Amino acid sequence: YFLRETSRDEVVPELILRLKYEKDHGTVVWIAATLARFGNYAGLDGLFAVANGPDGEASAAAEAELARLADEAGLSDAAELDAAWREGGELPRHEHSPHLKLALWKWIARLAEFQLRGVDDTRFLFERMGAQAAELLAQALHDENVYVRVHAAQCLQRMGPRGRGAGPELLAGLNEPELGPHAAVALGRVQYAEAAEALAERLRPPTPLNLRLACARALGFLGEPSAVEPLTELFEDELVDLRQAAAESLLSVRGERADVERALEFLLDPRVDPGSTERALRTWLASADDRTPALDAWDALTPLPQTILTPEESRNLRSRRAAVVRESLSP
């Protein structure tokens, strides 16, 4: 009850971290409601899980809270609220108090720690913060500690469109050797469309390879049509990893039959790690309702948890998934 009524927004970071471990369904509902009072909707995932769970009383409470939050935000339902939160849409805003800002700066300082537990918790936290937190992370991109700068970019990457406000600082970070590749990927993930030209300019030498790869992938995340030509030019590059990144990004930017066929080549190419191509192809399948049967068939081939496949079994699985995709292309 205290948390539901408190006006002290510095509780937000600890409540978000509590979501990582909380198992009591009723407590999840209270945490989500309190976070929403401060303009943070990180508790939506928990509310959906409880609402769809077997705990009747908690399920009803979660459903009621989802409906209340959507109505309070002026939206039609919880699904619309969830989409607005994920996409950085207009939602009720709570101005961060100096106490909350101080708490967040203390978490940012933990990005310099050698032990990764503090770094992981900080990334978990900021991934679930709203757009105002991106302003602090943008400042952290200029920290004297390289680990703080790099991890701040990773936090923004995980925030997605809610981190768009840090776009100008991420763009400036492209020129820094250590930060550049992380800034590039973050620019794509936060959907900073203004970065498309700068990313395309860095696809060719003398740009270092790690930055070229990051820019190729970032253009795919941005999805700007202007990226088609510079990405297509990468198929002339001798580096197979760059050609793979270009194929995956074109699948996202354009997604035509030729793009799918080229991506399938890399799914079965023993010279590359096929994991990113698998993710790109699955995302393409999920992007259109008429491909739902193929998506279901793809997912049906997912190994059981903790299953360790032999190299031959992995190749066979990828071949079967390639067949699923090709069948979806049939007239």
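Here the structure is shown first, and the text comes after it.
Residues numbered from 1 in each chain as written. Predicted model: local features only at pLDDT ≥ 70, side-chain atom pairs only at ≥ 80, totals over all residues. Heavy atoms only, no water.

### Examining the overall build of the protein
Item 1. From N to C terminus, the protein includes 20 helices and zero strands.
Item 2. Against the compact-globule benchmark of 20 Å for 331 residues, the protein has a radius of gyration of 22 Å, which places it among compact chains.
Item 3. Per-residue burial for the protein yields a buried fraction of 50% across its 331 residues.
Item 4. Relative to all contacts within the protein whose residues are 6 or more apart in sequence, the contacts with residues 24 or more apart total 61%.
Item 5. In the structure as shown, the protein presents an accessible area of about 17,000 Å², 51% of it carried by carbon and sulfur atoms. (Helix = DSSP H or I, 4+ residues; strand = E, 2+ residues; numbered from the N terminus. Rg over C-alpha atoms; globule rule 2.2 N^0.38 Å. Buried < 20%, exposed > 50% of the residue type's maximum accessible area, 1.4 Å probe, protein only. Contact = heavy atoms within 4.5 Å. Areas by Shrake-Rupley, 256 points an atom, 1.4 Å probe, with all protein chains shown as cover.)

### Some points on helix α8 (residues 116-127)
Item 1. In this model, α8 (12 residues) spans 16 Å end to end at C-alpha, consistent with the 16 Å of a helix rising 1.5 Å per residue.
Item 2. Within α8, the full set of buried residues consists of G118, V119, D121, T122, R123, F124, L125 and F126. (Expected span 1.5 Å × (residues − 1).)

### Side note on the pattern of salt bridges
Item 1. Tallied over the full model, the rule gives 21 salt bridges.
Item 2. Across the pair E261 and R326 runs a salt bridge, and its minimum N-O distance is 3.7 Å. You can see E261 sitting in helix α17 (residues 257-267) and its partner R326 sitting in helix α20 (residues 311-329), a full 65 residues away along the chain.
Item 3. Judged by relative accessible area, which is 27%, E261 ranks as partly exposed.
Item 4. On the basis of relative accessible area, R326 is assigned to the partly exposed category, the value being 36%.
Item 5. In the salt-bridge network here, residues are joined through shared partners; they are K20, R117 and D121. (Salt bridge = Lys/Arg side-chain N within 4 Å of Asp/Glu carboxyl O.)

### Description of the side chain of R212
Item 1. Topologically, R212 is positioned in helix α14 (residues 209-222).
Item 2. With relative accessibility at 5%, the residue R212 sits in the buried group.
Item 3. Of note is the side chain of R212, whose polar atom sits 2.6 Å from the side chain of D237.
Item 4. When near neighbours in sequence (up to four residues on either side) are disregarded, R212 contacts R202, L203, R204, P205, T207, L234, D237, L239 and L242. (Polar contact = N/O pair within 3.5 Å; in protein donor to acceptor, adjacent residues only side chain to side chain.)

### A few points about the packing of helix α7 (residues 98-109) against α8
Item 1. Closest axis-to-axis distance for the α7/α8 pair is 9 Å, and the angle between their directions is 135°. Between α7 and α8, the angle is such that the two are oblique. In this structure, α7 uses L104, W107 and I108 to contact α8, whose residues at the interface are G118, D121, T122, L125 and F126. (Axes fitted to C-alpha atoms, helices over the stretch in contact; angles between N-to-C directions. Parallel < 35°, antiparallel > 145°, perpendicular 65-115°, else oblique.)

### Observations regarding the packing of helix α18 (residues 275-286) against helix α19 (residues 292-300)
Item 1. Direction vectors running N to C along α18 and α19 enclose 145°, while the axes themselves pass 8 Å from each other. Of the two possible hands of crossing, α18 and α19 adopt the one that is left-handed. Contacts between α18 and α19 involve E278, L281, R282, L285 and A286 from the first element and A294, L295, W298 and D299 from the second.
Item 2. Looking at the contact of α18 with α19, its residues break down into six nonpolar, no polar and three charged. (Left-handed = near helix turned anticlockwise from the far one by under 90°. Nonpolar A, V, L, I, M, F, W, Y, C, P; charged D, E, K, R; others polar.)

### Looking at helix α9 (residues 131-140)
Item 1. Counting buried residues along α9, seven of its 10 residues qualify, which places the element largely inside the surrounding structure.
Item 2. Every buried residue belonging to α9 is among Q132, A133, A134, L136, L137, A138 and A140, and all of these are buried.

### Here we look at the packing of aromatic side chains
Item 1. In the structure shown here, the tally under the stated rule is one aromatic pair.
Item 2. Above the plane of the ring of F124 lies R128, whose end atom (NZ or CZ) is 3.6 Å from the centre.
Item 3. Over the ring of W284 we find R291; its NZ or CZ atom is 3.8 Å from the centre of that ring. (Phe/Tyr/Trp six-rings, centres within 6.5 Å; stacked < 30°, edge-to-face > 60°. Lys NZ or Arg CZ within 6 Å of the ring centre and 35° of its normal.)

### Focus on unusual backbone geometry
Item 1. A cis geometry characterises the amide bond from P205 onward to P206, with omega recorded as 10°.
Item 2. Within the chain, Q191 stands out as a residue other than glycine whose phi angle is a positive 60°.
Item 3. Within the secondary structure, Q191 sits in the loop between α12 (180-189) and α13 (196-201).
Item 4. In this structure, Q306 is a non-glycine residue whose phi angle is positive, near 65°.
Item 5. Topologically, Q306 is positioned in the loop between α19 and α20.

### A short note on the environment of I31
Item 1. Topologically, I31 is positioned in helix α3 (residues 25-37).
Item 2. Not counting the four nearest positions on each side in its chain, I31 is found in contact with L15, R18, L19 and E22.

### Observations regarding the environment of F126
Item 1. By the element assignment, F126 lies in helix α8.
Item 2. Overall, the relative accessible area of 0% leaves F126 in the buried class.
Item 3. When the C-alpha positions of F126 and C155 are compared, they lie 5.9 Å apart, and in sequence the two are 29 residues distant.
Item 4. Ignoring anything within four residues of it in the chain, the contact list for F126 reads L104, W107, I108, A133, L137, C155 and M159.

### Regarding the nonpolar core
Item 1. Membership of the largest hydrophobic core comes to 69 residues, with the highest contact counts inside it found for F126, L170, L199 and L231.
Item 2. Membership of the second largest hydrophobic core comes to 21 residues, among which are A36, L66, A73 and L75. (Core = buried A, V, L, I, M, F, W, Y, C linked by side-chain atoms within 4.5 Å.)

Nothing here speaks to function; it is geometry throughout.
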